[in-house]
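Examining the three-dimensional arrangement
Below are the chains, spelled out letter by letter.
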Amino acid sequence: METLFDSKHLYRSYFQLAFPMVLGLVVTLVYNLADTFFIARTNDTNLIAGVSLCAPVFTALMAFGNIFGQGGSSLISRLLGGQDEQGAKRVSAFCFYIALATGVVLAVLMSAFGHPLLLLLGADADTLPHAFAYYIVLAVGAPVIVLSFIHSNLVRCEGMAAESMIGTILGAVINIILDPILISVAGMGAMGAAVATVIGYLCSVLYFLWLLHQKSRCLSVRPSLCRVSGRELRQILGVGVTAALSNLMQSLCVIVVNQFLLPYGNDKIAAMGIVLKINMIAQLVLIGFSFGGVPLFGYLYGARRQAEMKKLVRFCLGFLTALSLALTAVLCLLASPLMAAFVKDTAMIATGAEMLRWQAVSTVFAGIVLLLTVLFQATGKVGPAFMLSISRQGVVFVAALLVCVRLFGYNGVLMGQAAADVCSALLALGLLAGNGKRA
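Analysis parameters
- Residues numbered from 1 in each chain as written.
- Predicted model: local features only at pLDDT ≥ 70, side-chain atom pairs only at ≥ 80, totals over all residues.
- Heavy atoms only, no water.
- 1 Å grid on protein atoms, 1.4 Å probe; cavity = no way out; pocket = protein on both sides within 12 Å on 5 of 7 lines; lining within 4 Å.
- Points joined across faces, edges and corners; volume = space filled by probe spheres on them.
- Helix = DSSP H or I, 4+ residues; strand = E, 2+ residues; numbered from the N terminus.
- Nonpolar A, V, L, I, M, F, W, Y, C, P; charged D, E, K, R; others polar.
- Phe/Tyr/Trp six-rings, centres within 6.5 Å; stacked < 30°, edge-to-face > 60°.
- Contact = heavy atoms within 4.5 Å.
- Salt bridge = Lys/Arg side-chain N within 4 Å of Asp/Glu carboxyl O.
- Buried < 20%, exposed > 50% of the residue type's maximum accessible area, 1.4 Å probe, protein only.
- Expected span 1.5 Å × (residues − 1).
- Axes fitted to C-alpha atoms, helices over the stretch in contact; angles between N-to-C directions.
- Parallel < 35°, antiparallel > 145°, perpendicular 65-115°, else oblique.
- Left-handed = near helix turned anticlockwise from the far one by under 90°.
- Disulfide = S-S within 2.5 Å.

1. Considering empty space enclosed by the protein
For the coordinates displayed, the defined rule picks out 2 cavities of 30 Å³ or more. Considering only enclosed or pocket space, the largest cavity measures out at about 60 Å³ in volume. What lines the largest cavity is Q70, S73, S74, N153, R156, V239, F291, V294, Q377 and A378. When contributions to the lining of the largest cavity are tallied by element, the ones reaching two or more residues are α3 (55-81) and α16 (363-378). The leading source of residues in the lining of the largest cavity is α3, at 3 residues. Along the lines of polarity and charge, the residues of the lining of the largest cavity split into 4 nonpolar, 5 polar and 1 charged. The computed volume of the second largest cavity comes to approximately 30 Å³.

Put into structure tokens, the structure is as follows:
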């Protein structure tokens, strides 16, 4: 394992793990935009709305996958740091089969309660046929979608960051190729979009299974190894549920912000929707460089190399701070041109530019929170990881938003995220100092 995580060249090892993660996330973003593009080209408003209504369903499936993907990767990294390769094989096999079982249960439940759930999500007589056509394919493909998030995380624990990226890109490219064929050429509409998505994820799953068979020394899918201790299960769920909670909190925050913007007009909600997509580019870069270090953090922690661990954390904090400041400068200076790339309305461009600057101004604090959240996840510190997962885009965000709106009205809605980022960063640094003293 020393050749995979070279402690003599910590920074090089970190970037070898992080760069593929960043590229994989960027490709995922491109796929999401392309998927939206091909659906929008049908010019069928009800079709577009019906597919959009299913977005929370996909987010939920991704969250279930991350419970065992990120929870498992955290534990496996620490096991490999302690030279327990047999333990890593057991945990990886368990994560694979429990994710498969979870996907099957979700498929049954989703199929049984499809119509009530879609009505709850806002489907009406016009959008329900399109929404259900998309939804039912996701329901049947739930085991595949959940499984796709397992080995894309686990193989990185063994140093195969580039292979993880390839698996992600493979699924995205196949999806992009199939989208126009199935949606328009084959005339399958919403169902075609969902089929393309599931096939893309299936190809990723098959690639990762081939990869394990050909290259992996420390991961397994052998049924005979599918067992973990109660302590290991608590570690997987403790970290995994925390990671999944972060995904769900992001969706909840968008809903909350939209509710606060509603009195000021739909144009404000539309502008914020575009702003969040633009800002997501910067956030994905930070997420990639934060999560990219998880295998190395876990490995060093499991090997009890505290000096190297502290050195790497200091470097990552400095690097992400510099990167965040650069991203802030770009977003603030180019706010208006970036908005103009999406809309032509002058008033909306001005509104969106102001929103984007408020979102970008606290990027450095967001970077600190992201890094320290994944650091606590990688080292199995469930309590601090949980606190940070529900802070920046959770409890602290809602509290900051309420205070800012009360004090500043409409401008308070815009500055709510910035206030939450600052408070959450202070909380994160406090938790880091507290855990450092106890280490």
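There's plenty left to go through after this.
2. Re the packing of aromatic side chains
Scanning the entire structure with this criterion turns up 18 aromatic pairs. For the pair F15 and F289, a centre-to-centre distance of 6.4 Å together with 80° between the ring planes defines the contact as edge-to-face. Placement of F15 in helix α1 (residues 10-40) and of F289 in helix α11 (residues 266-291) is noted, with a sequence separation of 274 residues between them. For the ring pair F19 and F289, a centre distance of 5.5 Å and an interplane angle of 75° mean the geometry is edge-to-face. One end of the pair, F19, is in helix α1; the other, F289, is in helix α11, and 270 residues separate them in sequence.

3. Focus: the environment of C253
Here C253 shows up in helix α10 (residues 230-261). Taking the C-alpha atoms as reference points, C253 and L79, 174 residues apart in sequence, are found 35 Å from one another. Look past the residues within four positions of C253 in its chain and what remains in contact with it is Q393, G394 and F397.

4. Some points on the pattern of salt bridges
Tallying each qualifying case throughout the model produces 3 salt bridges. Across the pair E85 and R217 runs a salt bridge, and its minimum N-O distance is 3.9 Å. One end of the pair, E85, is in helix α4 (residues 85-112); the other, R217, is in the loop between α9 (189-214) and α10, with 132 residues separating them in the sequence. Using a relative accessible area of 29% as the deciding quantity, one classes E85 as partly exposed. R217 sits in the partly exposed class, given a relative accessible area of 44%.

5. What about helix α8 (residues 161-185)?
Here α8 is 25 residues long and its end C-alpha atoms lie 36 Å apart, about the 36 Å a rise of 1.5 Å per residue gives. Two residues or fewer after α8 comes G187, characterised by a positive phi angle close to 65°.

6. With respect to the packing of helix α13 (residues 306-333) against α16
Put simply, α13 and α16 touch, their axes get as near as 8 Å, and they point 150° apart. The angle between α13 and α16 falls in the class roughly antiparallel. Crossing of α13 over α16 shows right-handed handedness. Between α13, through M309, V313, C316, L317, L320, T321, S324, L325 and T328, and α16, the contact on the second element is made entirely by T363, V364, G367, I368, L371, L372 and L375. Taken together, the residues of the contact of α13 with α16 break down into 11 nonpolar, 5 polar and no charged.

7. Considerations on the state of the cysteines
What the rule picks out here adds up to 0 disulfides. Here C95 is not cross-linked by a disulfide; its sulfur's nearest cysteine counterpart is in C226, at 9.0 Å. Unpaired in this structure, C332 has its nearest cysteine sulfur neighbour in C404, at a distance of 17 Å.

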